[in-house]
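# Coordinate inspection notes
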Amino acid sequence: MSDSKGESSMTVMTSPEGPSAAGDGARAASSPARRSRGRIDWRKHLEIAVLAGPAIVIFVAFVIFPVLMAAYYGFFKWKGYGAPTDFVGLQNYITIFQDQTFIDALRHNAFIVVMSLVIQGPFAIGLALLLNQKMRGRSLVRVLIFVPYVISEVIVGTGWSLMLQTTGAVNDLLTKIGLEGWAVDWLSSPAVAIWSLMLIISWKYIGFAVILFLAGLQSIPEELFEAAAIDGASYWQIQRRITLPLLGPTIRIWAFLSIIGSLQLFDLVYIVWGQYVAATAGTSTMATYMVVNGRNAGNYGFGNAVAVVLFIISLVIALTYQRFVLRRDTEGALTEGKK
């Protein structure tokens, strides 16, 4: 009997059907998992297509396609109607960079970029630190600071142009308080007009920077300030060692938005100075140059070429800024692929 049991056990152990059956069972168990993973992947791709598809279509239709068409029309001398037929090649682009008026406008844009960062940044950080403290009327002050940002550029430009005229409210106020020597031509004098523009821009957009910095300050844990105060750090040491480093990502994002906005500045300049005074007053920008020498001059091909140049300059600066300044922020936000 013992021999028959041994033979039967040996038969079971050495049966060729045993391992095969086990392998078939493992494959049968694993195949639904593979199919399930396949279904999840397809579902994920479908969700991405449904959610991102409309945005991609709109972006291509209203951003990429107009840029390509502008680049195409930039090779023609075109009046804005009918099919372009007068092909001039790169002549429009050569004319742009040979025109001293465009070089001046480019220099004005560079000045606005730098001075916007220098003036608005520190002032907005100081206001944000002040308004982040507990004080009476804090909400009202926040609203009053943010109000200029939501006012239409047409209203802002018209109001400031009336106040800054030679016979406007500003010179009249200076005369009444005994400062007649300070009453100057705020809009037409090349030495003063660019600073008048910086005053208007700062008054208009500083509220946006303050709101951004307040949001960044409120995201910093209070425990850090309390621990630093317990360790004996002064108020200014806390701001320097804790607040500003942790506010760095917000400052860098604001600086990026300020740079791009300064490069594309058009409406305030065009409303306050118009198409003729801006160039002589030293406040013209690349955008006003594009409109004056393109649409207003009836040369839409040249205007499209200027638009392409402005787009390329903005794109290069944006990519460079993202590569060297926003790199630490974008790398910190990406988690895919990290171990």
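Residues numbered from 1 in each chain as written. Predicted model: local features only at pLDDT ≥ 70, side-chain atom pairs only at ≥ 80, totals over all residues. Heavy atoms only, no water.

### Regarding the overall build of the chain
Scanning the chain from N- to C-terminus turns up 15 helices and 0 strands. The proportion of buried residues among the 339 residues of the chain is 31%. Restricting to contacts in the chain with at least 6 residues of sequence separation, those with at least 24 account for 68%. Carbon and sulfur atoms make up 67% of the accessible area of the chain, which amounts to about 21200 Å² in all. (Helix = DSSP H or I, 4+ residues; strand = E, 2+ residues; numbered from the N terminus. Buried < 20%, exposed > 50% of the residue type's maximum accessible area, 1.4 Å probe, protein only. Contact = heavy atoms within 4.5 Å. Areas by Shrake-Rupley, 256 points an atom, 1.4 Å probe, with all protein chains shown as cover.)

### Here's the deal with helix H13 (residues 286-295)
What H13 keeps buried is the set Met 286, Ala 287, Thr 288, Tyr 289, Val 291 and Gly 294. Each element contacted by the buried residues of H13 is listed here: helix H3 (91-98), helix H4 (100-131), helix H11 (248-263), helix H12 (267-281) and helix H14 (300-324).

### What about the packing of aromatic side chains?
Taken as a whole and judged by the stated rule, the model has 19 aromatic pairs. Seen in terms of ring centroids, Phe 146 and Tyr 149 are 5.5 Å apart; in terms of plane orientation they differ by 40°. Their pairing is tilted. With Phe 146 and Tyr 149 both in helix H5 (residues 138-150) and 3 residues apart, this pair spans about one turn of that helix. Between Phe 266 and Tyr 270, the ring centres sit 5.0 Å apart and the planes meet at 25°, which makes this aromatic pair stacked. Given the relative accessible area of 26%, Phe 266 is considered partly exposed. Residue Tyr 270 is classed as partly exposed on the basis of its relative accessible area of 22%. (Phe/Tyr/Trp six-rings, centres within 6.5 Å; stacked < 30°, edge-to-face > 60°.)

### Some details on the packing of H3 against H14
One way to put it is that H3 packs onto H14 with a least axis distance of 9 Å and a crossing angle of 70°. Considering their axes alone, H3 and H14 lie roughly perpendicular with respect to each other. Viewed along their axes, H3 and H14 form a crossing whose handedness is right-handed. Between H3 and H14, the contacting residues are Asn 92, Tyr 93, Thr 95, Ile 96 and Phe 97 on the first element and Gly 301, Phe 302, Ala 305, Val 306, Val 308 and Val 309 on the second. (Axes fitted to C-alpha atoms, helices over the stretch in contact; angles between N-to-C directions. Parallel < 35°, antiparallel > 145°, perpendicular 65-115°, else oblique. Left-handed = near helix turned anticlockwise from the far one by under 90°.)

### Things to note about the pattern of salt bridges
One pass over the structure, following the stated rule, counts 3 salt bridges. Residues Asp 104 and Arg 107 are paired through a salt bridge, measuring 2.9 Å at the closest nitrogen-oxygen approach. Of the two residues, Asp 104 and Arg 107 are both situated in helix H4; the distance of 3 residues between them amounts to about one turn of the helix. Note on Asp 104: relative accessible area 22%, which makes it partly exposed. For Glu 153, the salt bridge is made with Lys 204, and the minimal N-O distance between the two is 4.0 Å. (Salt bridge = Lys/Arg side-chain N within 4 Å of Asp/Glu carboxyl O.)

### Remarks on the nonpolar core
Grouped together as the largest cluster of nonpolar side chains are 39 residues, with contacts concentrated most on Ile 96, Phe 102, Val 210 and Phe 213. Elements with a contribution of two residues or more to this core: H3, H4, helix H8 (190-218), helix H9 (222-230), helix H10 (235-246), H11, H13 and H14. Sorting elements by how many residues they give to this core places H4 first, with 9 residues. Counting residues in each nonpolar core, the second largest holds 19 residues, with Val 156, Leu 164, Ile 194 and Ile 200 among its members. (Core = buried A, V, L, I, M, F, W, Y, C linked by side-chain atoms within 4.5 Å.)

### Some remarks on the side chain of Gln 239
Position of Gln 239 relative to the elements: it lies in helix H10. Discounting residues that sit within four places of it in the chain, Gln 239 has contacts with Leu 129, Leu 244 and Pro 245.

### Some thoughts on H10
Taking 1.5 Å of rise per residue, the 12 residues of H10 would be expected to cover 16 Å, and the 16 Å separating its terminal C-alpha atoms lies within 8% of that figure. Along H10, the residues that are buried comprise Ile 238, Gln 239, Ile 242 and Thr 243. For H10, the arc enclosing every buried residue in end-on projection is 125°, short of the 170-degree limit, so these residues lie on one face. Away from the buried face of H10 by more than 90 degrees, exposed residues Trp 236, Arg 240 and Arg 241 are located. (Expected span 1.5 Å × (residues − 1). Arc of directions from axis to C-beta.)

### Quick notes on the confidence of the model for the chain
Of all residues in the chain, 86% have pLDDT values of 70 or greater, and the mean over the chain is 84. Across residues 1-17 the pLDDT falls below 50, and counting only partners more than four positions away or on other chains, this stretch makes 0 contacts in the model. Note on residues 19-23: pLDDT is under 50 here. Beyond four places in sequence and across chains, it has 0 contacts. (pLDDT = per-residue confidence, 0-100.)

### Regarding the environment of Tyr 270
Mapped onto the fold, Tyr 270 is located in helix H12. Sequence separation of Tyr 270 and Thr 288 is 18 residues, and the distance between their C-alpha atoms is 6.6 Å. The contacts of Tyr 270, once residues within four sequence positions are left out, are Gln 275, Thr 288, Val 291, Val 292, Arg 295 and Asn 296. Within polar-contact distance, the side chain of Tyr 270 engages the side chain of Asn 296 at 3.1 Å. (Polar contact = N/O pair within 3.5 Å; in protein donor to acceptor, adjacent residues only side chain to side chain.)

### Concerning a nonpolar patch on the surface
A cluster of nonpolar side chains, Ile 56, Ile 58, Phe 59, Val 60, Phe 62, Val 63, Ile 64 and Leu 68, forms an exposed patch at the surface whose accessible area comes to about 770 Å². Its location among the elements puts Val 63 in helix H2 (residues 17-73). (Patch = residues over 30% accessible without salt bridge, like charges linked within 9 Å, V, L, I, M, F, W, Y side chains within 5 Å.)

### What about the environment of Trp 78?
The residue Trp 78 is located in the loop between H2 and H3 in this model. Note: C-alpha distance between Trp 78 and Asn 299 (221 residues apart in sequence) is 5.9 Å. Beyond its immediate chain neighbours, meaning those up to four positions away, Trp 78 contacts Tyr 73, Ala 83, Pro 84, Gly 298, Asn 299, Tyr 300, Gly 301 and Asn 304. A polar contact is formed between the side chain of Trp 78 and the backbone oxygen of Tyr 81, at a distance of 3.3 Å. Polar contacts involving the side chain of Trp 78 include one to the main-chain carbonyl oxygen of Gly 82, which spans 2.9 Å.

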